[in-house]
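Summary of structural features
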Amino acid sequence: MSSMEQATANEPREVRPVPSGASVCVLAGFYEGLEVPVDRDWMVIGRGRTADVVIAEPTISRAHAAIGFDDEGFFMQDLGSTNGTRVNGTREARIGLACGDELQLGKLRLRVRLPAAS
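Report follows, based on the coordinates.

Reading the values: the criteria
Residues numbered from 1 in each chain as written. Predicted model: local features only at pLDDT ≥ 70, side-chain atom pairs only at ≥ 80, totals over all residues. Heavy atoms only, no water. Helix = DSSP H or I, 4+ residues; strand = E, 2+ residues; numbered from the N terminus. Buried < 20%, exposed > 50% of the residue type's maximum accessible area, 1.4 Å probe, protein only. 1 Å grid on protein atoms, 1.4 Å probe; cavity = no way out; pocket = protein on both sides within 12 Å on 5 of 7 lines; lining within 4 Å. Points joined across faces, edges and corners; volume = space filled by probe spheres on them. Nonpolar A, V, L, I, M, F, W, Y, C, P; charged D, E, K, R; others polar. Pairing = 2+ DSSP bridges.

This part covers unusual backbone geometry. We note that Asn-88 has phi near 50 degrees; this positive angle belongs to a residue other than glycine. Following the sequence through the fold, Asn-88 ends up in the loop between β7 (85-87) and β8 (90-91). Using a relative accessible area of 47% as the deciding quantity, one classes Asn-88 as partly exposed.

Okay, here's the thing in structure tokens:
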């Protein structure tokens, strides 16, 4: 893991309550159909053991990207990954998420499901 990945992935954060019902679902490959709830305000996805969601996919970094939640809602943040992170086909460093957005981390494709706005 690069020092940037480690610093960003392990950065201390204020814990915020997260609305229930958010999840990410794997769209294709070995993990197809796997659905993981987004139940915290900072959830790291990667192939390394310290990631919150560990996916054994060689095209993703150990700490590839995070799904987060802040005052503006859910967002995706790339953690300095080698292959980058795409949201709906566009490479992004950080972007707000909407229900149905598709994330691509290396060859891994995920669909975001978010709770309805209250």
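Turning our attention to empty space enclosed by the protein. In this structure the tally under the stated criterion is one cavity of 30 Å³ or more. Roughly 50 Å³ of internal volume is contained in the largest cavity. At the level of secondary structure, the elements contributing two or more residues to the lining of the largest cavity comprise β1 (23-26) and β11 (108-113). Among the residues forming the lining of the largest cavity, the class breakdown is eight nonpolar, no polar and no charged.

This paragraph deals with the pairing of strand β10 (residues 102-105). Burial along β10 is one-sided: Leu-103 and Leu-105 are buried, while Glu-102 and Gln-104, pointing the other way, are not. Of the pairings in the sheet, the one linking β7 to β10 comprises three bridges and is antiparallel in character. Across the sheet, the residue bridging to Thr-85 is Leu-105, located in β10. Linking two consecutive strands that pair antiparallel, namely β10 and β11, is a turn of two residues; a positive phi of about 60 degrees is found at Gly-106 within it.

What holds strands together in a sheet is hydrogen bonding between their backbones, with the strands either parallel or antiparallel. The antiparallel open sheet is built from six strands, whose spatial order is β2-β1-β11-β10-β7-β8. Taken across any chain shown, the strands that pair with only one partner, and hence form the sheet edges, are β2 (35-37) and β8. The pairing of β7 with β8 spans two bridges and is antiparallel. Along β8, the bridge assignment pairs Arg-86 with Arg-91.

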